[in-house]
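Spelled out from the first residue to the last, the chains are:
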Amino acid sequence: MRTLIAMLLGTLVAIPTAFGAAPPKTKVSGTWDLTLTAADLNPANTAGANFPSIFSSLVSGSGGPITVDIQTGTPPLWVSVSRDTATWAPGVALIVRIQPPAPAWILTDNSPVTVTAAATDFYQTNSTNAVTIYYELSGVSVENLTPQTYTTIVTFTAHY
Amino acid sequence: MKRVVLVLVASLLLALGGAAFAADNHTLSIEVVGFGAVNLNPGGAVTLQLDGTSVTGGDNAVSDSHNTNWIQYTFIVSGSTSHVDVQLTGATEVPAWLTLQVTAAAPAAGGAGTKGSGSTKTLTLAAGTQQLITGIGSCYTGTTASTDGSQLTYNLSINAFGSAAPVGPYSYTVTYTAVP
């Protein structure tokens, strides 16, 4: 039994070592609130038109664009992105991207990534430097929408 | 000793579970504001004139019409009870022996959504605001001239020849309003 305990203790020591000094952590800064107004719908102010793609230039509210900061972890690290399963605007794809050109320490930039409930690897980085990201919407079509606010929680996860 | 082993195993699982703290999140919201917008394409002045042109002697069908305007619209609304209204304004009422009508045709195939149904309305000052296109939900008609939206046809005719007399010209403003 002493041997077994010794093995388990050894395992407890070995696991953090295998994962690095500490598990990686991310920090997200900034909010993203977008109000789709008639002006957003029709830049040319032409009734009868459908949505154009709504890009981050239309971001309103405070804090945008968003910063993802890897606070701990030993590079290289992946950052994945996912969202909760809250009801979302029908037919509307939420897309996240690193505005090109990506910083030199980005090893792999999978932009643009469509954010879904399933975690998707967004980028791989060789640094813990913060990365500025942007959201955009696509697939917006007025016939699918009703006046309301759609809210979702977007999660960024650093992992090896 | 078994208890010690169990405690150690539980500790091991918690250590592995610690990786969940690698994540952070934030809230993302979009607010869709309800609205309606209409546009006349190509717009511009419309002239209807009863001048006897193309009238055969003895004919009772003295009328004039105009149908080159299309009304195009975009709505984001709840349900399908929105409408486009029409109103005639001017200084002098339309003579009773004249009938001025506007017809909104069934919306064309362009665009998408619940584009509603057109109708015919008799335009007078007294009629005030009238619902011309009804049953509109979230939709857009498209913006292409002469093919997208609802074609508007104005028609001016004599309904009581015995009262007819040379009059006018009268000038009116026809206003279309999106009512979300």
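Residues numbered from 1 in each chain as written. Chains lettered and ligands numbered in written order. Predicted model: local features only at pLDDT ≥ 70, side-chain atom pairs only at ≥ 80, totals over all residues. Heavy atoms only, no water.

Enquirer: What should I look at first to understand the overall build of chain B in this one?
Expert: In terms of regular secondary structure, chain B is built from one helix and ten strands. From first element to last, N terminus to C terminus, chain B shows the α and β order α-β-β-β-β-β-β-β-β-β-β. Taking all 180 residues of chain B together, the buried fraction comes to 36%. The contacts in chain B between residues at least 6 apart in sequence include a share of 78% that link residues at least 24 apart. Accessible area for chain B stands at about 9,000 Å²; split by element, carbon and sulfur atoms hold 53% of it. (Helix = DSSP H or I, 4+ residues; strand = E, 2+ residues; numbered from the N terminus. Buried < 20%, exposed > 50% of the residue type's maximum accessible area, 1.4 Å probe, protein only. Contact = heavy atoms within 4.5 Å. Areas by Shrake-Rupley, 256 points an atom, 1.4 Å probe, with all protein chains shown as cover.)

Enquirer: How do you make sense of the pattern of salt bridges when you look at a structure like this?
Expert: Two side chains bearing opposite charge may form a pair once their charged atoms approach each other closely. Residue and element names in this part refer to chain A. For the structure shown, the criterion picks out two salt bridges over all chains. Of the charged contacts in the structure, one is a salt bridge between D84 and R83, with a shortest N-O distance of 3.9 Å. Judged by its relative accessible area of 25%, D84 is partly exposed. For R83, a relative accessible area of 14% translates into the label buried. Between R97 and E136 there is a salt bridge, with the nearest N and O atoms lying 3.0 Å from each other. Placement of the pair is R97 in strand 5 (residues 93–98) and E136 in strand 9 (residues 131–138), with a sequence separation of 39 residues. Residue classification places E136 among the buried residues on the basis of a relative accessible area of 11%. (Salt bridge = Lys/Arg side-chain N within 4 Å of Asp/Glu carboxyl O.)

Enquirer: What am I meant to see in the sheet that holds strand 3 (residues 66–72) of chain A here?
Expert: Backbone hydrogen bonds are what pair the strands of a sheet, in a parallel or an antiparallel way. All names here are of chain A. Overall, antiparallel pairing links the five strands, which are arranged 1-3-9-5-7 in an open sheet. Edge positions in the open sheet fall to strand 1 (25–29) and strand 7 (113–114), since each of these has one partner strand only. Of the strand pairs in this sheet, strand 5 and strand 7 are connected by two bridges, and their pairing is antiparallel. The residue bridging I95 from the neighbouring strand is T114, located in strand 7. (Pairing = 2+ DSSP bridges.)

Enquirer: Can you help me understand the side chain of B:T74 in this one?
Expert: One can find B:T74 in strand 3 (residues 63–76). One polar contact links the side chain of B:T74 to the main-chain amide nitrogen of A:G48, over a distance of 2.8 Å. Dropping the residues within four chain positions of it, B:T74 is found in contact with A:A47, A:G48, A:A49, A:V142, B:F35, B:G36, B:A37, B:C139 and B:Y140. (Polar contact = N/O pair within 3.5 Å; in protein donor to acceptor, adjacent residues only side chain to side chain.)

Enquirer: It is not clear to me how the environment of B:T47 should be interpreted in this structure. Could you clarify?
Expert: Looking at the secondary structure, you find B:T47 in the loop between strand 2 (35–41) and strand 3. It is 9.8 Å that separates the C-alpha atoms of B:T47 and B:P169, two residues lying 122 residues apart in sequence.

Enquirer: Can you walk me through the nonpolar core in this structure?
Expert: Inside soluble globular proteins, nonpolar side chains tend to come together where they are buried. Counting residues in each nonpolar core, the largest one holds 38 residues, and the members touching the most others are A:W32, A:L94, A:F122, A:I133, A:Y135, A:L137 and A:F156. Contributions of two or more residues to this core are made by strand 2 (32–36), strand 3, strand 4 (77–83), strand 5, strand 8 (120–125), strand 9 and strand 10 (148–159) of chain A together with strand 1 (23–32) of chain B. Per-element tally for this core: the top contributor is strand 9 of chain A, with four residues. If you look at the next biggest cluster of nonpolar residues, it comprises 25 residues, including B:L88, B:V102, B:A104 and B:L156. (Core = buried A, V, L, I, M, F, W, Y, C linked by side-chain atoms within 4.5 Å.)

Enquirer: What's the story with the packing of aromatic side chains in this structure? I'm lost.
Expert: Geometry of an aromatic ring pair is reported as the spacing of the ring centres plus the angle between the planes. On inspection of all chains with the given rule, the structure shows five aromatic pairs over all chains. For the pair A:F122 and A:Y123, a centre-to-centre distance of 5.1 Å together with 70 degrees between the ring planes defines the contact as edge-to-face. Side by side, A:F122 and A:Y123 carry an identical accessibility label, which is buried. Both rings, one in B:Y73 and one in B:F75, keep their centres 5.9 Å apart while their planes meet at 75 degrees; by these two values the pair is edge-to-face. Comparing B:Y73 with B:F75 shows no difference in burial state: the two are buried. An aromatic cluster is present here, built from A:F122, A:Y123 and A:F156 joined pairwise through their rings. (Phe/Tyr/Trp six-rings, centres within 6.5 Å; stacked < 30°, edge-to-face > 60°.)

By themselves, these figures tell us nothing about what the structure is for.
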